[in-house]
Amino acid sequence: MFENWLLGVAHLGDWQVILAMVFGVALGIVVGAMPGLSGPTGLALMIPFTYGLSPIASVILLISIYVGAEYGGSITAITVNTPGTPSGAITAIDGYPLTQQGQTGRALSMSILSSTSGGIFSAIALILFSVPLAQFAIAFGPVQYFALGVFGLTIVASLVSGNWLKGIIAVLIGLLIQTVGTDPMTGAFRYTFGQPALWEGVSFISAMLGLFAISEVFRILEVGVRSRLEASHNFSSERMPFREFISYWKCLLRSGVLGTFIGVIPGAGAAVGSIVAYNEAKRFSRHPEKFGKGTLEGVCASETANNATVGGALVPLLTLGVPGSGSTAVLLGALLLHNIQPGPLMFEDQPDIVFGIFTALLLANVVMLVLGVYGVRFWLLVVRISPAILAPLIFSVAFIGAYSTGGNIADVAVMLVIGLLGYLLRKFGFPLVPVVIGLVLADMVEISLRRALIISDSGFWIFLTDPISATLIGLAAASLAYSIIQDVRGRRRTTA
Amino acid sequence: MAEQESSDSGWRFDVRRLSKRGGDMIAVAGLVVLGVYGWIEAGNFVEETGMVRTLSPAFFPRTLLAGLVIFALLLLINGLVRKAASEGQIFQQYWYKIPVATVIMFAQAYLFERIGAFPAIWLALLLLLVLAGVRPLKSLLIATGFLAFVYLFFIVFLGVRLPTEFLLKF
């Protein structure tokens, strides 16, 4: 264990890794702060340009973007009441009233300090829980992996969208996209239409860029030019004393635990973490009447929880290879592109990568603290770029990214087609996160299913006779049943 | 379904009037067509016969396609039952910019290796900026400035290989 830590820390002696971390956190803050852009978009745009970096530097760059993006949303939420992320909307409930009361500096201090605390708390939880979980999962075979894949897909589809039917259809579309190309078990061509460019399947990078970046460009163009963010207040630069911050330790601890736990659940994500932590903070508060009118406790709860979901979300990704959110799905794809296969075997075969990630996650939060404390005015200047300018620039960067991965214009065409598909899916109310998770889990689900059926004498019953598989499939069925019950209740309320 | 209205000049189609329920109907129709087409196409997969017993390459896609059609039909039934939940419009004011932007994007892809990366990027970026509502002079400056960024950041710093044959002719 100690040797593994040394291996992980040793990576930090590399200037490329340190630079990747600082650049990644800075980029993440900008992406998170910009309304319309999201963590997955920032991650997808950067993946093609990580090829020139070492695998560990690439992974650390992407994880740093993820960390920064979860915090960035609070800056514009507090200062101009325009949250850059869904969880930032919860921060804005109390953050913006604090700005109106001339307490911007204190609100921003609370935001960055509690984000850092939440991030470090969840990183420690990740370190404590992932190693034993990986040791448990090492015995998994195709039967358990198929059940795990079905569990991940079902729970994401039913929780992420609010419309379980559209969530399930989105998952199926993601899985189907990945069937294009050469069959991994027989070598037969599937849906290639005689095009050699499709023999290797749909490029993951092109799919990510299309779904997140190009569909976002279309959305910005369709909505029309919006005036750039303008602040209506002069921001106070008064900072909160550290002693005062520490007095919120109960809120920090409670929100950290909730955020980490919710982060582990596939499909729940940072927004759910913030909402739950905010409600609990209000319930336990001595002054619940102040919530919504500008209380630092509200900012503390929301920001601690949303950054705590990062470490939580990395637990199933690193130990089982199953992503639970858009950002972790893009991360999984990026890891696979660098020949890093997340899962229990990674802890045995590539401990330097695992412990490098642990160390980097802890340090990225410290970098975020420094950049957050000293760079607020700079981030506010950057995010004032008009969306009308931003959208065409995103397209150009995505275009270069898709082309540069293989030097093939067919990858660009795939990106554009999938971008159009993503735009239409968004328009018709289908969530994109299940599509992405379907895409990254398709190979695992198909190969595990076919291998399990080949070795099984009882056909599909093998998935119900194995205890781990039966438990996972039972949980998947329960999450689906829960969504259906919620749907029926909602319908009754509407008709009542 | 998209509503059509008659006017003195004949039928007029306005995509902005497409309701969410209409959108669901179109989505269901598209998914069913995709499901049926995919199922038929899967019959053309050529399977290599070998010693190892394995499932057909069409097995997994056909399972997914069957699920897709079943859930699409459930969506249709759900939409018919829950009328109130599917009200509201889908497309926004500037929807017509999407097909124009798509043409510009595919044109850049077509021209990229033919005239070179820099002229193709510059031209498409300029057109997209103007389409997005940025003033022409400002668009010109941004598009030209972006080329400098592409050269310095992508080519010099990251070592990305882009087709630059067009520039080498001069």
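These notes cover the structure that comes with them. (Residues numbered from 1 in each chain as written. Chains lettered and ligands numbered in written order. Predicted model: local features only at pLDDT ≥ 70, side-chain atom pairs only at ≥ 80, totals over all residues. Heavy atoms only, no water.)

**As for helix 3 (residues 39-46) of chain A**
An α-helix turns once every 3.6 residues. As a result, residues three or four positions apart point the same way.
Residue and element names in this part refer to chain A.
Consideration 1: Buried residues dominate helix 3, accounting for eight of its eight residues.
Consideration 2: Here helix 3 has its buried residues at Gly39, Pro40, Thr41, Gly42, Leu43, Ala44, Leu45 and Met46.
Consideration 3: Of the surrounding secondary structure, the elements contacted by the buried residues of helix 3 are helix 2 (15-33), helix 4 (55-80), helix 9 (204-223), helix 14 (326-337) and helix 18 (387-406). (Buried < 20%, exposed > 50% of the residue type's maximum accessible area, 1.4 Å probe, protein only. Helix = DSSP H or I, 4+ residues; strand = E, 2+ residues; numbered from the N terminus. Contact = heavy atoms within 4.5 Å.)

**A word on the packing of aromatic side chains**
Consideration 1: Applying the stated rule across the entire model yields 18 aromatic pairs over all chains.
Consideration 2: Judged by centre distance (5.6 Å) and plane angle (80°), the ring pair of Phe149(B) and Phe154(B) falls under edge-to-face.
Consideration 3: Overall, the relative accessible area of 2% leaves Phe154(B) in the buried class.
Consideration 4: Site record: aromatic cluster; members linked through ring pairs are Phe395(A), Phe399(A), Tyr403(A) and Phe112(B).
Consideration 5: In this structure, Lys166(A) is placed above the aromatic ring of Phe430(A), and the distance from its NZ or CZ to the ring centre is 5.3 Å.
Consideration 6: Positioned above the aromatic ring of Tyr110(B) is the side chain of Arg114(B), whose terminal nitrogen or guanidinium carbon lies 3.9 Å from the ring centre. (Phe/Tyr/Trp six-rings, centres within 6.5 Å; stacked < 30°, edge-to-face > 60°. Lys NZ or Arg CZ within 6 Å of the ring centre and 35° of its normal.)

**Some details on the interface of chain B and chain A**
Where interface size is quoted, it is often the accessible area lost as the parts come together.
Consideration 1: Each partner contributes to the interface: chain B provides 66 residues, whereas chain A provides 60 residues.
Consideration 2: Buried surface at the junction of chain B and chain A, summed over both partners, amounts to about 5,700 Å²; 79% is from carbon and sulfur atoms.
Consideration 3: The three residues of chain B that bury the most area against chain A are Phe60(B), Ile98(B) and Met105(B), which together make up 12% of that side's buried surface.
Consideration 4: Between the two partners, chain B and chain A, sit one salt bridge.
Consideration 5: Residue Asp24(B) is joined to Lys166(A) by a salt bridge in which the shortest nitrogen-to-oxygen separation is 2.8 Å.
Consideration 6: Counting the contacts that link chain B with chain A gives five residue pairs in polar contact (both at pLDDT 80 or more).
Consideration 7: Mapped by element, the contributors of at least two residues to the side of chain B that touches chain A are helix 1 (20-42), helix 2 (59-81), helix 3 (97-115), helix 4 (117-132) and helix 5 (136-157) of chain B.
Consideration 8: The greatest single-element share of the side of chain B that touches chain A, amounting to 13 residues, is contributed by helix 2 of chain B. (Buried area = accessible area lost by both parts, 1.4 Å probe. Salt bridge = Lys/Arg side-chain N within 4 Å of Asp/Glu carboxyl O. Polar contact = N/O pair within 3.5 Å; in protein donor to acceptor, adjacent residues only side chain to side chain.)

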